[in-house]
Protein chains: 2
Amino acid sequence: MSRVDVRERILEAAGPVFAEKGFERATVREICQGARVNVAAVNYYFGDKRRLYVEVVKRAHHPAGDPNGLLQWSPGTPPEVKLRDCIRAMLARMLTERAPWQRQLMMREMLHPSFACRELVQLYIRARFGQLLEVLAEILPADVPVHKRHQIAFSVVGQALHYHVASAVVEVLVGPEERATHYGPEELADHIADFTLAALGLAPPVSKAGDREGGVKAGSDG
Amino acid sequence: MSRVDVRERILEAAGPVFAEKGFERATVREICQGARVNVAAVNYYFGDKRRLYVEVVKRAHHPAGDPNGLLQWSPGTPPEVKLRDCIRAMLARMLTERAPWQRQLMMREMLHPSFACRELVQLYIRARFGQLLEVLAEILPADVPVHKRHQIAFSVVGQALHYHVASAVVEVLVGPEERATHYGPEELADHIADFTLAALGLAPPVSKAGDREGGVKAGSDG
DNA sequence: AATTGTATCAAACAATTGTTTAATGTCAAC
DNA sequence: GTTGACATTAAACAATTGTTTGATACAATT
(Lines give C-alpha, C1' and ligand atoms only; values in the text may rest on other atoms or scores of the structure.)
Protein backbone atom coordinates (compact mmCIF):
# COMPACT_ATOMS: atom_id res chain seq x y z
CA MET A 1 0.00 0.00 0.00
CA SER A 2 1.97 2.95 -1.25
CA ARG A 3 1.87 6.30 0.43
CA VAL A 4 -0.07 8.11 -2.27
CA ASP A 5 -2.63 5.37 -2.08
CA VAL A 6 -3.48 6.10 1.51
CA ARG A 7 -3.40 9.86 1.09
CA GLU A 8 -5.71 9.51 -1.89
CA ARG A 9 -8.08 7.19 -0.13
CA ILE A 10 -8.39 9.58 2.79
CA LEU A 11 -9.18 12.46 0.47
CA GLU A 12 -11.78 10.45 -1.39
CA ALA A 13 -13.41 9.24 1.78
CA ALA A 14 -13.33 12.65 3.41
CA GLY A 15 -15.12 14.43 0.55
CA PRO A 16 -18.61 13.00 1.02
CA VAL A 17 -18.34 13.02 4.80
CA PHE A 18 -17.39 16.69 5.00
CA ALA A 19 -20.00 17.54 2.37
CA GLU A 20 -22.79 15.85 4.26
CA LYS A 21 -21.91 16.74 7.83
CA GLY A 22 -19.75 19.82 7.62
CA PHE A 23 -16.35 20.31 9.18
CA GLU A 24 -17.31 20.11 12.82
CA ARG A 25 -19.76 17.24 12.81
CA ALA A 26 -17.55 15.11 10.58
CA THR A 27 -15.15 12.95 12.60
CA VAL A 28 -11.73 11.80 11.51
CA ARG A 29 -12.60 8.36 12.79
CA GLU A 30 -15.52 8.08 10.40
CA ILE A 31 -13.37 9.30 7.55
CA CYS A 32 -10.58 6.88 8.32
CA GLN A 33 -13.02 4.04 8.74
CA GLY A 34 -14.46 4.83 5.31
CA ALA A 35 -10.97 4.83 3.85
CA ARG A 36 -10.01 1.67 5.79
CA VAL A 37 -7.04 3.45 7.25
CA ASN A 38 -5.71 4.01 10.73
CA VAL A 39 -6.93 7.10 12.58
CA ALA A 40 -3.42 8.43 12.87
CA ALA A 41 -3.09 8.56 9.10
CA VAL A 42 -4.93 11.87 8.87
CA ASN A 43 -2.46 13.58 11.16
CA TYR A 44 0.45 11.81 9.54
CA TYR A 45 -0.39 12.94 6.02
CA PHE A 46 -2.19 16.24 6.60
CA GLY A 47 -1.03 17.46 9.98
CA ASP A 48 -4.49 17.90 11.39
CA LYS A 49 -8.17 17.82 10.55
CA ARG A 50 -8.30 21.42 9.38
CA ARG A 51 -5.59 21.02 6.78
CA LEU A 52 -7.29 17.88 5.51
CA TYR A 53 -10.48 19.91 5.11
CA VAL A 54 -8.67 22.59 3.16
CA GLU A 55 -7.27 19.98 0.80
CA VAL A 56 -10.71 18.50 0.30
CA VAL A 57 -12.20 21.90 -0.50
CA LYS A 58 -9.44 22.55 -3.01
CA ARG A 59 -10.19 19.23 -4.64
CA ALA A 60 -13.88 20.03 -4.80
CA HIS A 61 -13.09 23.08 -6.85
CA HIS A 62 -10.93 21.23 -9.35
CA PRO A 63 -12.67 17.91 -9.92
CA ALA A 64 -10.16 16.46 -12.33
CA GLY A 65 -9.82 18.96 -15.14
CA ASP A 66 -12.89 20.69 -16.44
CA PRO A 67 -15.26 21.54 -13.65
CA ASN A 68 -18.93 22.08 -14.21
CA GLY A 69 -18.29 25.02 -16.47
CA LEU A 70 -20.37 28.06 -17.20
CA LEU A 71 -23.17 28.10 -19.72
CA GLN A 72 -22.49 28.70 -23.40
CA TRP A 73 -24.85 30.10 -25.98
CA SER A 74 -24.70 30.43 -29.73
CA PRO A 75 -24.40 34.05 -30.85
CA GLY A 76 -27.68 35.84 -31.22
CA THR A 77 -29.43 34.01 -28.44
CA PRO A 78 -31.99 36.40 -26.96
CA PRO A 79 -31.17 37.52 -23.42
CA GLU A 80 -34.55 36.28 -22.14
CA VAL A 81 -33.54 32.78 -23.18
CA LYS A 82 -30.16 33.18 -21.57
CA LEU A 83 -31.72 34.36 -18.33
CA ARG A 84 -34.10 31.44 -18.37
CA ASP A 85 -31.18 29.07 -18.91
CA CYS A 86 -29.26 30.65 -16.03
CA ILE A 87 -32.18 30.20 -13.70
CA ARG A 88 -32.78 26.67 -14.86
CA ALA A 89 -29.15 25.73 -14.27
CA MET A 90 -29.10 27.45 -10.90
CA LEU A 91 -32.16 25.59 -9.70
CA ALA A 92 -30.91 22.29 -10.99
CA ARG A 93 -27.70 22.92 -9.09
CA MET A 94 -29.56 23.66 -5.89
CA LEU A 95 -32.39 21.17 -5.93
CA THR A 96 -30.69 18.01 -7.14
CA GLU A 97 -30.97 15.25 -4.58
CA ARG A 98 -27.86 13.18 -4.33
CA ALA A 99 -25.84 16.05 -5.65
CA PRO A 100 -22.17 15.28 -6.08
CA TRP A 101 -20.37 15.97 -2.86
CA GLN A 102 -18.29 18.69 -4.50
CA ARG A 103 -21.40 20.78 -5.05
CA GLN A 104 -22.74 20.08 -1.58
CA LEU A 105 -19.44 21.16 -0.09
CA MET A 106 -19.32 24.38 -2.08
CA MET A 107 -22.90 25.19 -1.16
CA ARG A 108 -22.07 24.56 2.47
CA GLU A 109 -19.05 26.84 2.33
CA MET A 110 -21.12 29.51 0.62
CA LEU A 111 -23.79 29.58 3.29
CA HIS A 112 -21.55 28.92 6.28
CA PRO A 113 -18.09 30.03 5.28
CA SER A 114 -15.41 28.42 7.40
CA PHE A 115 -11.74 29.16 7.87
CA ALA A 116 -10.96 27.31 4.65
CA CYS A 117 -10.24 28.76 1.29
CA ARG A 118 -12.23 31.98 1.26
CA GLU A 119 -10.84 33.03 -2.06
CA LEU A 120 -11.42 29.63 -3.63
CA VAL A 121 -15.09 29.55 -2.77
CA GLN A 122 -15.39 33.17 -3.78
CA LEU A 123 -14.11 32.27 -7.23
CA TYR A 124 -16.72 29.55 -7.48
CA ILE A 125 -19.53 31.98 -6.70
CA ARG A 126 -18.16 34.93 -8.58
CA ALA A 127 -18.04 33.05 -11.85
CA ARG A 128 -21.73 32.25 -11.79
CA PHE A 129 -22.74 35.61 -10.40
CA GLY A 130 -20.69 37.31 -13.08
CA GLN A 131 -22.39 35.40 -15.84
CA LEU A 132 -25.79 36.31 -14.43
CA LEU A 133 -24.75 39.97 -14.40
CA GLU A 134 -23.63 39.73 -18.02
CA VAL A 135 -26.99 38.38 -19.07
CA LEU A 136 -28.75 41.11 -17.11
CA ALA A 137 -26.54 43.67 -18.82
CA GLU A 138 -28.06 42.65 -22.14
CA ILE A 139 -31.52 43.26 -20.73
CA LEU A 140 -31.19 46.35 -18.56
CA PRO A 141 -30.71 49.86 -19.90
CA ALA A 142 -27.17 51.14 -19.72
CA ASP A 143 -27.96 53.77 -17.11
CA VAL A 144 -28.99 51.26 -14.44
CA PRO A 145 -26.47 51.73 -11.65
CA VAL A 146 -24.32 48.86 -10.58
CA HIS A 147 -25.89 48.39 -7.18
CA LYS A 148 -29.32 48.13 -8.79
CA ARG A 149 -28.02 45.39 -11.08
CA HIS A 150 -26.70 43.56 -8.07
CA GLN A 151 -30.01 43.82 -6.27
CA ILE A 152 -31.82 42.45 -9.29
CA ALA A 153 -29.38 39.58 -9.56
CA PHE A 154 -29.88 38.82 -5.88
CA SER A 155 -33.62 38.79 -6.44
CA VAL A 156 -33.08 36.02 -8.96
CA VAL A 157 -30.65 34.09 -6.80
CA GLY A 158 -32.82 34.51 -3.74
CA GLN A 159 -35.87 33.01 -5.37
CA ALA A 160 -33.89 29.92 -6.30
CA LEU A 161 -31.89 29.66 -3.10
CA HIS A 162 -35.08 29.70 -1.08
CA TYR A 163 -36.00 26.25 -2.30
CA HIS A 164 -32.64 24.99 -1.19
CA VAL A 165 -32.38 26.43 2.30
CA ALA A 166 -36.05 26.40 3.22
CA SER A 167 -37.14 23.19 1.57
CA ALA A 168 -38.44 21.86 4.86
CA VAL A 169 -40.59 24.93 5.33
CA VAL A 170 -41.96 24.64 1.82
CA GLU A 171 -42.99 21.07 2.41
CA VAL A 172 -44.72 22.00 5.63
CA LEU A 173 -46.57 24.96 4.17
CA VAL A 174 -47.89 23.46 0.97
CA GLY A 175 -48.20 19.84 2.01
CA PRO A 176 -46.52 16.80 0.49
CA GLU A 177 -48.92 16.33 -2.42
CA GLU A 178 -48.62 19.87 -3.83
CA ARG A 179 -44.93 19.69 -3.12
CA ALA A 180 -44.63 16.54 -5.18
CA THR A 181 -46.77 17.92 -7.99
CA HIS A 182 -45.64 21.48 -8.49
CA TYR A 183 -42.14 21.87 -7.08
CA GLY A 184 -39.94 20.02 -9.51
CA PRO A 185 -36.88 21.86 -10.80
CA GLU A 186 -38.41 22.50 -14.23
CA GLU A 187 -41.66 24.02 -13.06
CA LEU A 188 -39.92 26.13 -10.44
CA ALA A 189 -37.38 27.35 -12.97
CA ASP A 190 -40.19 28.37 -15.28
CA HIS A 191 -41.98 30.20 -12.52
CA ILE A 192 -38.89 32.08 -11.39
CA ALA A 193 -38.00 32.94 -14.97
CA ASP A 194 -41.54 34.18 -15.69
CA PHE A 195 -41.59 36.14 -12.46
CA THR A 196 -38.23 37.74 -13.13
CA LEU A 197 -38.86 38.51 -16.79
CA ALA A 198 -42.18 40.07 -15.85
CA ALA A 199 -40.49 42.23 -13.25
CA LEU A 200 -38.01 43.34 -15.89
CA GLY A 201 -40.74 44.09 -18.40
CA LEU A 202 -39.80 41.31 -20.84
CA ALA A 203 -42.83 39.15 -20.20
CA PRO A 204 -46.44 39.72 -19.22
CA PRO A 205 -47.21 39.91 -15.51
CA VAL A 206 -47.39 36.54 -13.85
CA SER A 207 -50.68 34.71 -13.48
CA LYS A 208 -51.98 36.24 -16.72
CA ALA A 209 -52.94 39.28 -14.73
CA GLY A 210 -52.06 41.24 -17.84
CA ASP A 211 -55.71 41.77 -18.63
CA ARG A 212 -56.03 43.99 -15.59
CA GLU A 213 -55.78 47.42 -17.12
CA GLY A 214 -54.42 50.60 -15.66
CA GLY A 215 -51.96 49.12 -13.29
CA VAL A 216 -48.79 49.20 -15.25
CA LYS A 217 -48.10 52.29 -17.26
CA ALA A 218 -50.49 54.76 -15.73
CA GLY A 219 -49.25 55.90 -12.39
CA SER A 220 -52.94 56.50 -11.80
CA ASP A 221 -53.15 59.16 -9.12
CA GLY A 222 -49.74 58.56 -7.53
CA MET B 1 -32.85 30.96 46.39
CA SER B 2 -36.20 29.35 45.75
CA ARG B 3 -36.73 26.61 43.24
CA VAL B 4 -38.64 28.66 40.70
CA ASP B 5 -35.82 31.15 40.80
CA VAL B 6 -33.28 28.67 39.59
CA ARG B 7 -35.56 27.14 36.97
CA GLU B 8 -36.34 30.60 35.69
CA ARG B 9 -32.73 31.69 35.63
CA ILE B 10 -31.78 28.63 33.63
CA LEU B 11 -34.50 29.30 31.08
CA GLU B 12 -33.47 32.93 30.75
CA ALA B 13 -29.82 32.09 30.37
CA ALA B 14 -30.48 29.26 27.94
CA GLY B 15 -32.49 31.36 25.49
CA PRO B 16 -29.71 33.51 24.07
CA VAL B 17 -27.21 30.67 24.13
CA PHE B 18 -29.43 28.29 22.18
CA ALA B 19 -30.42 31.10 19.82
CA GLU B 20 -26.85 32.00 19.04
CA LYS B 21 -25.23 28.57 18.90
CA GLY B 22 -28.05 26.15 18.23
CA PHE B 23 -28.87 23.05 20.21
CA GLU B 24 -25.74 21.03 19.56
CA ARG B 25 -23.06 23.68 19.92
CA ALA B 26 -24.62 25.15 23.03
CA THR B 27 -23.28 23.51 26.19
CA VAL B 28 -25.15 23.07 29.44
CA ARG B 29 -22.04 24.25 31.24
CA GLU B 30 -22.14 27.59 29.46
CA ILE B 31 -25.84 27.94 30.17
CA CYS B 32 -25.43 27.12 33.85
CA GLN B 33 -22.47 29.42 34.13
CA GLY B 34 -24.55 32.22 32.67
CA ALA B 35 -27.30 31.47 35.14
CA ARG B 36 -24.81 31.13 38.01
CA VAL B 37 -26.15 27.70 38.80
CA ASN B 38 -24.64 24.28 39.22
CA VAL B 39 -24.34 22.09 36.12
CA ALA B 40 -26.55 19.45 37.65
CA ALA B 41 -29.42 21.90 37.89
CA VAL B 42 -30.38 21.42 34.24
CA ASN B 43 -30.88 17.70 34.68
CA TYR B 44 -32.53 18.21 38.03
CA TYR B 45 -35.17 20.60 36.73
CA PHE B 46 -35.58 19.54 33.11
CA GLY B 47 -34.42 15.95 32.96
CA ASP B 48 -31.95 16.50 30.17
CA LYS B 49 -30.67 19.05 27.68
CA ARG B 50 -33.29 18.23 25.05
CA ARG B 51 -36.24 18.91 27.30
CA LEU B 52 -34.68 22.18 28.39
CA TYR B 53 -34.43 23.13 24.74
CA VAL B 54 -38.07 22.31 24.14
CA GLU B 55 -39.08 24.53 27.05
CA VAL B 56 -36.95 27.34 25.69
CA VAL B 57 -38.53 27.07 22.25
CA LYS B 58 -41.99 27.14 23.79
CA ARG B 59 -41.05 30.27 25.69
CA ALA B 60 -39.72 31.89 22.54
CA HIS B 61 -43.11 31.49 20.95
CA HIS B 62 -44.98 33.05 23.87
CA PRO B 63 -42.74 35.89 25.02
CA ALA B 64 -44.87 36.97 27.95
CA GLY B 65 -48.20 37.97 26.51
CA ASP B 66 -48.41 39.64 23.14
CA PRO B 67 -45.81 38.34 20.71
CA ASN B 68 -44.73 40.29 17.72
CA GLY B 69 -48.17 40.18 16.17
CA LEU B 70 -49.25 40.33 12.57
CA LEU B 71 -49.63 43.53 10.66
CA GLN B 72 -52.87 45.54 10.84
CA TRP B 73 -54.21 47.94 8.25
CA SER B 74 -57.07 50.39 8.24
CA PRO B 75 -59.87 49.34 5.87
CA GLY B 76 -59.41 50.46 2.32
CA THR B 77 -55.64 50.21 2.33
CA PRO B 78 -54.56 49.35 -1.22
CA PRO B 79 -53.07 45.87 -1.55
CA GLU B 80 -49.88 47.29 -3.05
CA VAL B 81 -49.31 49.15 0.17
CA LYS B 82 -50.06 46.08 2.21
CA LEU B 83 -47.62 44.01 0.18
CA ARG B 84 -44.96 46.63 0.61
CA ASP B 85 -45.58 46.62 4.35
CA CYS B 86 -45.35 42.84 4.48
CA ILE B 87 -42.03 42.88 2.71
CA ARG B 88 -40.72 45.68 4.86
CA ALA B 89 -41.65 43.82 8.05
CA MET B 90 -40.20 40.58 6.75
CA LEU B 91 -36.89 42.18 5.91
CA ALA B 92 -36.72 44.02 9.18
CA ARG B 93 -37.32 40.71 10.92
CA MET B 94 -34.54 39.02 8.99
CA LEU B 95 -31.89 41.69 8.82
CA THR B 96 -31.94 43.19 12.30
CA GLU B 97 -28.63 42.82 13.99
CA ARG B 98 -28.92 41.99 17.66
CA ALA B 99 -32.33 40.56 17.04
CA PRO B 100 -34.06 39.34 20.17
CA TRP B 101 -33.07 35.79 20.85
CA GLN B 102 -36.65 34.59 20.40
CA ARG B 103 -36.56 35.58 16.74
CA GLN B 104 -33.11 34.14 16.22
CA LEU B 105 -34.27 30.87 17.70
CA MET B 106 -37.38 30.69 15.54
CA MET B 107 -35.36 31.49 12.45
CA ARG B 108 -32.92 28.76 13.35
CA GLU B 109 -35.69 26.23 13.85
CA MET B 110 -37.23 27.24 10.54
CA LEU B 111 -34.07 26.70 8.56
CA HIS B 112 -32.74 23.72 10.51
CA PRO B 113 -35.73 22.14 12.18
CA SER B 114 -34.76 19.99 15.12
CA PHE B 115 -36.61 17.40 17.15
CA ALA B 116 -38.31 20.16 19.11
CA CYS B 117 -41.79 21.51 18.69
CA ARG B 118 -42.46 21.05 14.99
CA GLU B 119 -46.02 22.21 15.30
CA LEU B 120 -45.08 25.25 17.36
CA VAL B 121 -42.61 26.55 14.84
CA GLN B 122 -45.00 25.73 12.04
CA LEU B 123 -47.62 27.95 13.66
CA TYR B 124 -45.12 30.76 13.80
CA ILE B 125 -44.41 30.50 10.08
CA ARG B 126 -47.92 29.75 8.96
CA ALA B 127 -49.31 32.93 10.48
CA ARG B 128 -47.00 35.15 8.49
CA PHE B 129 -47.25 33.11 5.32
CA GLY B 130 -51.03 33.17 5.60
CA GLN B 131 -51.09 36.92 5.86
CA LEU B 132 -48.89 37.23 2.80
CA LEU B 133 -51.27 34.95 0.91
CA GLU B 134 -54.23 37.08 1.96
CA VAL B 135 -52.59 40.19 0.62
CA LEU B 136 -51.74 38.41 -2.62
CA ALA B 137 -55.37 37.29 -2.87
CA GLU B 138 -56.37 40.92 -3.10
CA ILE B 139 -53.99 41.40 -5.99
CA LEU B 140 -54.24 38.23 -8.03
CA PRO B 141 -57.22 37.27 -10.18
CA ALA B 142 -59.51 34.72 -8.62
CA ASP B 143 -58.66 32.02 -11.12
CA VAL B 144 -54.99 31.81 -10.14
CA PRO B 145 -54.53 28.30 -8.78
CA VAL B 146 -53.39 27.79 -5.27
CA HIS B 147 -49.99 26.38 -6.12
CA LYS B 148 -49.26 29.42 -8.27
CA ARG B 149 -50.11 31.68 -5.35
CA HIS B 150 -47.72 29.72 -3.20
CA GLN B 151 -44.94 30.00 -5.75
CA ILE B 152 -45.44 33.74 -5.95
CA ALA B 153 -45.38 34.03 -2.18
CA PHE B 154 -42.16 32.02 -2.08
CA SER B 155 -40.66 34.36 -4.65
CA VAL B 156 -41.27 37.18 -2.22
CA VAL B 157 -39.98 35.31 0.81
CA GLY B 158 -36.98 34.03 -1.10
CA GLN B 159 -35.82 37.48 -2.11
CA ALA B 160 -35.87 38.58 1.51
CA LEU B 161 -34.51 35.38 3.00
CA HIS B 162 -31.54 35.57 0.71
CA TYR B 163 -30.15 38.54 2.56
CA HIS B 164 -30.42 36.61 5.79
CA VAL B 165 -28.84 33.29 4.83
CA ALA B 166 -26.35 34.53 2.27
CA SER B 167 -25.31 37.79 3.85
CA ALA B 168 -21.67 36.72 3.81
CA VAL B 169 -21.84 36.05 0.10
CA VAL B 170 -23.47 39.40 -0.56
CA GLU B 171 -20.70 41.18 1.28
CA VAL B 172 -18.07 39.33 -0.69
CA LEU B 173 -19.68 39.91 -4.06
CA VAL B 174 -20.48 43.61 -3.81
CA GLY B 175 -17.73 44.72 -1.46
CA PRO B 176 -18.07 46.37 1.91
CA GLU B 177 -18.67 49.90 0.68
CA GLU B 178 -21.61 49.12 -1.62
CA ARG B 179 -22.88 46.80 1.06
CA ALA B 180 -22.85 49.60 3.59
CA THR B 181 -24.45 52.07 1.18
CA HIS B 182 -27.19 50.17 -0.57
CA TYR B 183 -28.16 47.19 1.55
CA GLY B 184 -30.01 48.67 4.45
CA PRO B 185 -33.40 47.14 5.32
CA GLU B 186 -35.35 50.08 3.89
CA GLU B 187 -33.69 50.21 0.49
CA LEU B 188 -33.82 46.44 0.13
CA ALA B 189 -37.47 46.36 1.09
CA ASP B 190 -38.19 48.98 -1.53
CA HIS B 191 -36.32 47.06 -4.16
CA ILE B 192 -38.05 43.77 -3.39
CA ALA B 193 -41.44 45.47 -3.30
CA ASP B 194 -40.80 47.22 -6.61
CA PHE B 195 -39.53 44.01 -8.16
CA THR B 196 -42.50 42.00 -6.95
CA LEU B 197 -45.14 44.58 -7.82
CA ALA B 198 -43.61 44.87 -11.28
CA ALA B 199 -43.76 41.12 -11.71
CA LEU B 200 -47.41 41.22 -10.72
CA GLY B 201 -48.18 44.08 -13.07
CA LEU B 202 -48.92 46.64 -10.40
CA ALA B 203 -45.85 48.77 -10.97
CA PRO B 204 -43.67 49.63 -13.93
CA PRO B 205 -40.79 47.28 -14.69
CA VAL B 206 -37.81 47.80 -12.47
CA SER B 207 -35.00 50.11 -13.48
CA LYS B 208 -37.40 52.25 -15.50
CA ALA B 209 -37.02 49.87 -18.39
CA GLY B 210 -40.64 50.61 -19.18
CA ASP B 211 -39.60 52.72 -22.16
CA ARG B 212 -38.38 49.63 -23.99
CA GLU B 213 -41.22 48.91 -26.37
CA GLY B 214 -42.38 45.66 -27.81
CA GLY B 215 -41.00 43.40 -25.16
CA VAL B 216 -44.07 42.84 -23.10
CA LYS B 217 -47.18 41.89 -24.95
CA ALA B 218 -45.88 40.91 -28.34
CA GLY B 219 -44.40 37.45 -28.24
CA SER B 220 -42.39 38.74 -31.23
CA ASP B 221 -41.22 35.72 -33.17
CA GLY B 222 -41.21 33.36 -30.14
C1' DA C 1 -34.61 18.30 68.91
C1' DA C 2 -35.35 14.94 65.54
C1' DT C 3 -37.03 13.80 61.09
C1' DT C 4 -38.06 14.29 56.43
C1' DG C 5 -38.08 15.80 51.77
C1' DT C 6 -36.17 18.85 48.61
C1' DA C 7 -32.28 21.80 46.68
C1' DT C 8 -27.63 22.44 45.81
C1' DC C 9 -23.01 21.29 45.09
C1' DA C 10 -18.32 19.39 43.93
C1' DA C 11 -16.84 15.52 42.03
C1' DA C 12 -16.91 11.65 39.30
C1' DC C 13 -18.54 9.12 35.20
C1' DA C 14 -18.92 7.55 30.54
C1' DA C 15 -18.66 8.63 25.94
C1' DT C 16 -16.72 11.10 22.18
C1' DT C 17 -13.55 14.10 20.15
C1' DG C 18 -8.71 15.34 17.77
C1' DT C 19 -4.13 14.26 18.51
C1' DT C 20 0.19 11.96 20.00
C1' DT C 21 3.21 8.18 21.01
C1' DA C 22 5.94 4.37 20.94
C1' DA C 23 6.34 0.06 18.95
C1' DT C 24 6.27 -2.58 14.82
C1' DG C 25 6.33 -3.42 9.84
C1' DT C 26 8.17 -2.65 5.11
C1' DC C 27 11.42 -2.37 1.83
C1' DA C 28 15.12 -0.48 -0.80
C1' DA C 29 20.18 0.65 -0.44
C1' DC C 30 24.40 -0.53 1.01
C1' DG D 1 22.30 -9.34 6.35
C1' DT D 2 22.26 -4.96 8.27
C1' DT D 3 20.94 -0.44 8.24
C1' DG D 4 17.84 3.28 8.02
C1' DA D 5 14.11 5.99 6.52
C1' DC D 6 9.43 5.95 5.96
C1' DA D 7 4.50 3.68 6.84
C1' DT D 8 1.32 1.69 9.73
C1' DT D 9 -0.66 0.32 13.85
C1' DA D 10 -2.88 -0.16 18.54
C1' DA D 11 -3.01 2.24 22.39
C1' DA D 12 -2.95 6.09 25.21
C1' DC D 13 -3.71 11.08 25.95
C1' DA D 14 -6.01 15.30 26.86
C1' DA D 15 -9.94 17.89 26.40
C1' DT D 16 -14.83 18.36 26.03
C1' DT D 17 -19.35 16.75 26.23
C1' DG D 18 -24.07 15.37 28.82
C1' DT D 19 -25.21 13.04 32.77
C1' DT D 20 -25.08 10.82 37.46
C1' DT D 21 -23.87 10.47 42.22
C1' DG D 22 -23.42 10.90 47.03
C1' DA D 23 -22.77 14.16 50.38
C1' DT D 24 -24.43 18.30 52.44
C1' DA D 25 -27.43 22.36 53.47
C1' DC D 26 -31.86 23.96 54.41
C1' DA D 27 -36.55 24.54 55.66
C1' DA D 28 -40.79 22.80 57.24
C1' DT D 29 -43.11 19.27 59.96
C1' DT D 30 -43.61 16.24 63.74
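These remarks concern the structure in this document.

### Some points on the relation of the copies chain B and chain A
The relation between the two copies of this chain is a rotation about an axis and a shift parallel to it.
Okay, so step 1: Rotating chain B by 180° and moving it 0.0 Å along the rotation axis overlays it on chain A with an RMSD of 0.0 Å. What the superposition gives is, in effect, a two-fold axis relating one chain to the other. Across chain B, the rotation axis passes nearest the C-alpha of A199(B), at a separation of 1.9 Å.
Okay, so step 2: A shared interface surface links the copies, since 100% of the contact residues of chain B are contact residues in chain A too.

### Section: helix α10 (residues 185-199) of chain B
Okay, so step 1: The end-to-end C-alpha separation of α10(B) is 21 Å, in line with the 21 Å expected for 15 residues at 1.5 Å each.
Okay, so step 2: Taken together, the buried positions of α10(B) are occupied by L188(B), A189(B), H191(B), I192(B), A193(B), F195(B), T196(B), L197(B), A198(B) and A199(B).
Okay, so step 3: As for α10(B), its buried residues are in contact with α8 (146-165) and α10 (185-199) of chain A together with α5 (79-95), α8 (146-165) and α9 (167-182) of chain B.
Okay, so step 4: Looking one or two places after α10(B), you find G201(B), whose phi comes out positive at around 85°.

### Observations concerning the interface of chain B and chain A
Okay, so step 1: Every contact between the two is made by 58 residues of chain B and, on the other side, 58 residues of chain A.
Okay, so step 2: Where chain B abuts chain A, roughly 5100 Å² becomes buried across the two surfaces, and 65% of that area is made up of carbon and sulfur atoms.
Okay, so step 3: Counting the surface chain B buries against chain A, the share from its top three residues, F154(B), L173(B) and F195(B), is 13%.
Okay, so step 4: For the pair chain B and chain A, the number of links is 2 salt bridges.
Okay, so step 5: Residues E24(A) and R25(B) are paired through a salt bridge, measuring 3.7 Å at the closest nitrogen-oxygen approach.
Okay, so step 6: Between the two partners, chain B and chain A, sit 18 residue pairs in polar contact (both at pLDDT 80 or more).
Okay, so step 7: Every element with two or more residues in the side of chain B that touches chain A is listed here: α1 (3-25), α6 (101-111), α7 (118-139), α8, α9 and α10 of chain B.
Okay, so step 8: Considering every element that reaches the side of chain B that touches chain A, the biggest residue donor is α8(B), with 15 residues.
Okay, so step 9: The residue makeup of the side of chain B that touches chain A, split by class, is 36 nonpolar, 15 polar and 7 charged.

### Quick look at unusual backbone geometry
Okay, so step 1: In this structure, R36(A) is a non-glycine residue whose phi angle is positive, near 50°.
Okay, so step 2: Note on placement: R36(A) falls in the loop between α2 (28-34) and α3 (40-46).

### As for the packing of aromatic side chains
Okay, so step 1: Inspection of the entire model under this criterion finds 21 aromatic pairs over all chains.
Okay, so step 2: Note on F18(A) and F23(A): the rings are 6.1 Å apart at their centroids and 20° apart in plane angle, and the pair reads as stacked.
Okay, so step 3: Between the aromatic rings of F154(A) and Y183(B), the centroid separation amounts to 6.2 Å while the plane-to-plane angle is 70°, which identifies the pairing as edge-to-face. Placement of F154(A) in helix α8 and of Y183(B) in the loop between α9 and α10 is noted, with the two residues assigned to different chains.
Okay, so step 4: A residue is classified by how much of its surface remains accessible, and Y183(B), at 7% relative accessible area, is buried.
Okay, so step 5: Ring pairs connect the aromatic residues F18(A), F23(A), Y53(A) and F115(A), which therefore count as one cluster.
Okay, so step 6: Just above the ring of F23(A) sits the side chain of K49(A); from NZ or CZ to the centre is 4.6 Å.
Okay, so step 7: Across from the ring centre of F115(A), 3.9 Å away, lies the NZ or CZ of R50(A), which sits over that ring.

### Examining helix α7 (residues 118-139) of chain A
Okay, so step 1: Relative to the 32 Å expected for 22 residues at 1.5 Å per residue, α7(A) spans 31 Å between its end C-alpha atoms, a close match to the ideal helical length.
Okay, so step 2: Turning to α7(A), the residues buried within the fold contact α4 (49-61), α5 (79-95), α6 (101-111) and α8 of chain A together with α9 of chain B.

### Here we look at the packing of α8(A) against α10(B)
Okay, so step 1: Packing of α8(A) against α10(B) leaves a shortest axis separation of 11 Å and a crossing angle of 65°. Accordingly, the angle class assigned to the pair α8(A) and α10(B) is roughly perpendicular. Considering the relative orientation of α8(A) and α10(B), their crossing is right-handed. Here α8(A) contributes H147(A), K148(A), Q151(A), I152(A), S155(A) and Q159(A) to the contact with α10(B), which in turn contributes E187(B), L188(B), H191(B) and F195(B).
Okay, so step 2: Of the residues that constitute the contact of α8(A) with α10(B), the class distribution is 3 nonpolar, 5 polar and 2 charged.

Definitions and cut-offs
- Residues numbered from 1 in each chain as written.
- Chains lettered and ligands numbered in written order.
- Predicted model: local features only at pLDDT ≥ 70, side-chain atom pairs only at ≥ 80, totals over all residues.
- Heavy atoms only, no water.
- Least-squares fit on C-alpha atoms with pLDDT ≥ 70 in both.
- Contact = heavy atoms within 4.5 Å.
- Helix = DSSP H or I, 4+ residues; strand = E, 2+ residues; numbered from the N terminus.
- Expected span 1.5 Å × (residues − 1).
- Buried < 20%, exposed > 50% of the residue type's maximum accessible area, 1.4 Å probe, protein only.
- Buried area = accessible area lost by both parts, 1.4 Å probe.
- Salt bridge = Lys/Arg side-chain N within 4 Å of Asp/Glu carboxyl O.
- Polar contact = N/O pair within 3.5 Å; in protein donor to acceptor, adjacent residues only side chain to side chain.
- Nonpolar A, V, L, I, M, F, W, Y, C, P; charged D, E, K, R; others polar.
- Phe/Tyr/Trp six-rings, centres within 6.5 Å; stacked < 30°, edge-to-face > 60°.
- Lys NZ or Arg CZ within 6 Å of the ring centre and 35° of its normal.
- Axes fitted to C-alpha atoms, helices over the stretch in contact; angles between N-to-C directions.
- Parallel < 35°, antiparallel > 145°, perpendicular 65-115°, else oblique.
- Left-handed = near helix turned anticlockwise from the far one by under 90°.

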